[in-house]
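Each chain, written out:
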Amino acid sequence: MNVYSRENSSGTYEFFKEHVLLGRDFSARAQTMQGTAALIQAVSKDKNAIGYGGFAYGEGAKILKIKKYDTSPAIAPSEETVLNQSYPIWRYCYVYVNPMLDRGEVAEYIRWIRSDAGQAVVKEVGYFPIRRTSAAK
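Here the structure is a predicted model, which is why all the values come from computation and not from measurement.

A. Here's a closer look at the overall build of the protein chain. Tallying secondary structure elements over the protein chain gives 5 helices and 3 strands in all. Starting at the N terminus, the α and β elements of the protein chain follow one another as β-α-β-α-β-α-α-α. If you line up the protein chain on its principal axes, its C-alpha atoms span 50 × 30 × 30 Å. For the protein chain, restricting intrachain contacts to residue pairs at least 6 apart in sequence, the fraction spanning at least 24 positions comes to 45%. When the accessible area of the protein chain is evaluated, it comes to approximately 10100 Å², of which 53% is carbon and sulfur surface.

B. How the structure looks around the nonpolar core. Counting residues in hydrophobic clusters, the biggest one holds 7 residues: Tyr 4, Met 33, Leu 39, Ile 40, Ala 42, Val 43 and Ala 49. Sorting elements by how many residues they give to this core places helix 2 (residues 36-45) first, with 4 residues. Ignoring sequence-local partners within four residues, the contact set of Tyr 4 consists of Gln 31, Met 33, Leu 39, Ala 42, Val 43, Asp 46, Ala 49, Ile 50, Gly 51 and Tyr 52. Membership of the second largest hydrophobic core comes to 5 residues, among which are Tyr 13, Leu 21, Phe 26 and Tyr 52.

C. Expanded view of the packing of aromatic side chains. Here the structure, examined in full by the defined rule, presents 9 aromatic pairs. Judged by centre distance (4.0 Å) and plane angle (10°), the ring pair of Phe 16 and Tyr 52 falls under stacked. Separated by 36 residues along the polypeptide, Phe 16 in helix 1 (residues 11-19) and Tyr 52 in the loop between strand 3 (49-50) and helix 3 (79-83) bring together distant segments of the chain. What links up through ring pairs into an aromatic cluster is the set Tyr 13, Phe 16, Phe 26 and Tyr 52.

D. Spatial organisation of the pattern of salt bridges. Summed over all chains, the structure comprises 3 salt bridges. Note that Arg 6 and Glu 7 form a salt bridge whose closest N and O atoms lie 3.1 Å from each other. With its nearest N and O atoms 3.1 Å apart, the salt bridge here joins Lys 17 to Asp 25.

E. Representation of the environment of Glu 59. Its place among the elements puts Glu 59 in the loop between strand 3 and helix 3. Distance from Glu 59 to Tyr 109, taken between C-alpha atoms, is 29 Å for residues 50 residues apart in sequence.

F. The arrangement of the layout of surface pockets in detail. Its boundaries defined by the atoms lining it, the second largest pocket holds a volume of some 320 Å³. Together, Phe 15, His 19, Val 20, Leu 22, Ile 66, Lys 67, Lys 68, Tyr 69, Asp 70, Pro 88, Ile 89 and Trp 90 line the second largest pocket. When grouped by side-chain class, the residues that make up the lining of the second largest pocket number 8 nonpolar, 1 polar and 3 charged.

G. Representation of the sheet that holds strand 3 in the model. The 3 strands are arranged 2-1-3 in an open sheet whose pairing can be described as parallel. At either end of the open sheet lies a strand with only one pairing partner, and these are strand 2 (31-33) and strand 3. As defined by bridge partners, strand 1 (residues 2-6) adjoins strand 3 across 2 bridges and the pair is classed as parallel. Paired with Val 3 across the bridge in strand 3 is Ile 50.

Cut-offs applied
- Residues numbered from 1 in each chain as written.
- Predicted model: local features only at pLDDT ≥ 70, side-chain atom pairs only at ≥ 80, totals over all residues.
- Heavy atoms only, no water.
- Helix = DSSP H or I, 4+ residues; strand = E, 2+ residues; numbered from the N terminus.
- Contact = heavy atoms within 4.5 Å.
- Areas by Shrake-Rupley, 256 points an atom, 1.4 Å probe, with all protein chains shown as cover.
- Core = buried A, V, L, I, M, F, W, Y, C linked by side-chain atoms within 4.5 Å.
- Buried < 20%, exposed > 50% of the residue type's maximum accessible area, 1.4 Å probe, protein only.
- Phe/Tyr/Trp six-rings, centres within 6.5 Å; stacked < 30°, edge-to-face > 60°.
- Salt bridge = Lys/Arg side-chain N within 4 Å of Asp/Glu carboxyl O.
- 1 Å grid on protein atoms, 1.4 Å probe; cavity = no way out; pocket = protein on both sides within 12 Å on 5 of 7 lines; lining within 4 Å.
- Points joined across faces, edges and corners; volume = space filled by probe spheres on them.
- Nonpolar A, V, L, I, M, F, W, Y, C, P; charged D, E, K, R; others polar.
- Pairing = 2+ DSSP bridges.

Okay, structure coming up:
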C-alpha cells in the first residue's frame, strides 16, 4: 500500500496525527504532498494508495467509511454526518476576531460569513455550513 500524507506544517496533518494516529508518527514510507488537492490527485491515480484530506477535495478518489471504534458502525462523510457529528473525523474552521478592534468592514465580513449568502458559498466550494443555533442566526 502506498501512503500519502500532508506536509507537517499543515493543520490537516496535525489534526490527523492527533485525532487519528493519537500522536503516533506517520509511516516512514508516507509520501508527503504539498496540499490536499495534490494528495487527492495522487491517491486517485494510484490503485494501491491511501491518504486523507478535506471532503471538499475528494472528487476523483474513493471515499471510505470510517469507524470511531472497532465496535462502532462505519460512517461515510456527508454534510449530515459531519453536522450531527456522527462522522468521527471532522473539525471546525475557526475565524478569530477581536470584537473590540474588528469593526466596520471586518465586522461586515464576519456577518456575511455567517449569513445565508456566506454559507451558500461555503457549500458551493465543497465545505459544510455552520450548524445553526439561536446564537448563530
